[in-house]
Amino acid sequence: MTRLERDAAALCERAVALGARAARPLPALEVVVDPRVVLKCRVPLCAGYGRNLMCPPFAPTGEQFAAALRRYSLALVAQQGIPLTATDVQRRYDGKGIDELQASKAYQGALAAGQNDFAAVLDGLEREALSLGYVFAAAFGGGECRLCETCVAAVTGASTTAPCRKPFRARPSMEAVGIDVLATAAAAGLPVQMPAGDDPVWTGLLLLD
Ligand code: SF4
């Protein structure tokens, strides 16, 4: 076993200790990038598009990410459950009551709390990897960044020059940089059920040089 493989196995264990449901290593070349993913940020228009510094058009483009990805050796795919009811998840898919759902404080609060817990897991993993000497370690989360109640981009718009309030904690999501989350998770042996039914999960990624 190489040092990288040993460290990846230890980081997978660490991910679970930090709160992830599961984590698996994957050769970086098997991370799937697809231009249709970023297209889906705009068709239909996602609420985070142009309103969150970790989302398009602010995040690295799919082309930029794919070029950087070629310089990495290994990825680590991690997952954590999303604390939403099956009814809420179903409403996201069938569109019935979707506007009310998006406006629901309880729904948005549950989503944000789960996302921020998962963001802390990925942040912790990236720090551990850095401490092991992986100087280009980079973590990507799931969904738009929700560390602030309102992102500075939602206030200043697409021409923003306002800085992120939490620059060392905010991470782009996998989908923001064009990663096909479903194909990548499946390649790592952590398939995501779609539609999500009663067991929705967030998927995140750590790249190791
Ligand atoms: S930390 Fe705050 S300002 Fe920075 S990207 Fe996230 S929500 Fe926006």
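Residues numbered from 1 in each chain as written. Predicted model: local features only at pLDDT ≥ 70, side-chain atom pairs only at ≥ 80, totals over all residues. Heavy atoms only, no water.

1. Notes on the site of the ligand
What surrounds the ligand is the set Leu53, Met54, Cys145, Leu147, Cys148, Cys151, Val152, Cys164, Arg165, Lys166 and Ala170. Across the shell around the ligand, the residue classes tally to 9 nonpolar, no polar and 2 charged. (Near = heavy atom within 4 Å. Nonpolar A, V, L, I, M, F, W, Y, C, P; charged D, E, K, R; others polar.)

2. Quick word on the nonpolar core
Residues Leu11, Leu76, Leu125, Ala129, Leu206 and Leu208 are the most contacted members of the largest nonpolar core, which totals 25 residues. When contributions to this core are tallied by element, the ones reaching two or more residues are α1 (3–18), β2 (74–81), α6 (105–131) and β4 (201–208). Among the elements that make up this core, the one with the highest residue count is α6 (7 residues). Apart from the residues within four sequence positions on either side, Leu208 is in contact with Leu4, Ala8, Leu11, Tyr72, Ser73, Leu74, Ala129, Tyr134 and Ala137. (Core = buried A, V, L, I, M, F, W, Y, C linked by side-chain atoms within 4.5 Å. Buried < 20%, exposed > 50% of the residue type's maximum accessible area, 1.4 Å probe, protein only. Helix = DSSP H or I, 4+ residues; strand = E, 2+ residues; numbered from the N terminus. Contact = heavy atoms within 4.5 Å.)

3. Description of helix α3 (residues 62–69)
For α3, the complete set of buried residues consists of Gly62, Phe65 and Leu69. Down the axis of α3, the buried side of the element spans an arc of 65°, and every buried residue falls inside it. Buried residues along α3 sit against β3 (138–140) and β4. (Arc of directions from axis to C-beta.)

4. What to know about the pattern of salt bridges
Going through the model one piece at a time under the given rule, you end up with 6 salt bridges. For Asp123, the salt bridge is made with Arg127, and the minimal N-O distance between the two is 3.3 Å. Highlighted residues: Asp123 and Arg127, both in helix α6, separated by 4 residues, approximately one helical turn. A relative accessible area of 11% places Asp123 in the buried class. The exposure class of Arg127 is partly exposed, given its relative accessible area of 45%. Salt-bridge contacts for Arg171 lead to Glu126; the nearest nitrogen and oxygen are separated by 2.9 Å. With Arg171 in the loop between α7 (152–156) and α8 (181–187) and Glu126 in helix α6, the pair connects residues that are 45 residues apart, well separated along the chain. Glu126 matches Arg171 in its accessibility class, with the two residues each being buried. The network of salt bridges with common partners includes Asp123, Glu126, Arg127 and Arg171. (Salt bridge = Lys/Arg side-chain N within 4 Å of Asp/Glu carboxyl O.)

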